[in-house]
Amino acid sequence: QPILDEFFLQFGTGEIDEIRSRSSYYNSLSWDEVRFLHSNGVDVGSHTRTHAYMRPELGLKRMQEEIFGSREKIREELGKAPDHFCYPNGTRDDFCELSGRLLREAGYRCGLTTVLGTVQNSADPFELRRQIHISSMARFRTVVAAGKQHYRNF
C-alpha cells in the first residue's frame, strides 16, 4: 500500500479521474479483451481473485481461495489455466512460504515478485525477482505513452 500511496501523491487533485474519463485503456480489461489477447499469443498469468496480499495473516483458507480460485477462473474463461502467478504488490513482505507452497500445489510454474534483482539459477521459482522499476510519474507516463502508441490499433 505505501507504494500505491506514493504513486497517487504524484498526481494533482482530480488528475486521475480526468485521465480515466478520457482514456478507456486505464480501465480493467474485459474477459473478451483478455480472450482476444490470449488467442493472439499473450501469456495470461494470475494475480489472485481480489488483489489480496499473500501475507501469513491472510490465513490458509483465504489464501487458497485467492490462489486456486484465480487459477480456476482463468481456466474457465480461457480454456487453459495460467502457469505464472504475480504477487499483488509483490514486496518481500507481501508473500510468504505458505503462498509459495500453495502456488506449487495449485500447479503454477512460478511466482513473480516486485523485489528488485536478477534471477540466479538457484532461485526459488516462486520468489522470482525483477529488474523493472518505474521510479517516477514522468517515467510512468513515458512508458504508458509508448505502450499506447505501440498498441493503438488494439
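Reference entry: report on the structure contained in this document.

Cut-off values and rules
Residues numbered from 1 in each chain as written. Predicted model: local features only at pLDDT ≥ 70, side-chain atom pairs only at ≥ 80, totals over all residues. Heavy atoms only, no water. Salt bridge = Lys/Arg side-chain N within 4 Å of Asp/Glu carboxyl O. Buried < 20%, exposed > 50% of the residue type's maximum accessible area, 1.4 Å probe, protein only. Helix = DSSP H or I, 4+ residues; strand = E, 2+ residues; numbered from the N terminus. Axes fitted to C-alpha atoms, helices over the stretch in contact; angles between N-to-C directions. Parallel < 35°, antiparallel > 145°, perpendicular 65-115°, else oblique. Contact = heavy atoms within 4.5 Å. Pairing = 2+ DSSP bridges.

**Topic: the pattern of salt bridges**
At step 1: Under the criterion given, the structure shown has 11 salt bridges.
At step 2: Its salt-bridge partner being D83, residue K80 comes within 3.5 Å of it at the nearest N-O pair.
At step 3: For K80, a relative accessible area of 39% corresponds to the partly exposed category.
At step 4: E127 serves as the salt-bridge partner of R92, at 2.9 Å between the closest nitrogen and oxygen. One end of the pair, R92, is in the loop between β1 (84-86) and α5 (97-106); the other, E127, is in the loop between β2 (110-116) and β3 (128-130), with 35 residues separating them in the sequence.
At step 5: Residue classification places R92 among the partly exposed residues on the basis of a relative accessible area of 43%.
At step 6: Since its relative accessible area comes to 29%, E127 is described here as partly exposed.

**Quick look at the packing of helix α3 (residues 31-39) against helix α4 (residues 60-78)**
At step 1: Direction vectors running N to C along α3 and α4 enclose 75 degrees, while the axes themselves pass 10 Å from each other. What the angle tells us is that α3 and α4 run roughly perpendicular. Of the residues in α4, those in contact with W31, V34, R35 and H38 of α3 are K73, I74, E77 and L78.

**Remarks on the sheet that holds β3**
At step 1: Reading across from one edge, β1-β2-β3 is the order of the three strands in this open sheet, with parallel pairing throughout. A single partner strand is all that each edge strand has here, and the edge strands are β1 and β3. Pairwise comparison of adjacent strand axes, ignoring direction, gives a mean angle of 35 degrees for this sheet.
At step 2: Here two bridges tie β2 to β3, and the two strands are oriented parallel to one another. Bridge pairing in β3 links L112 to L128.

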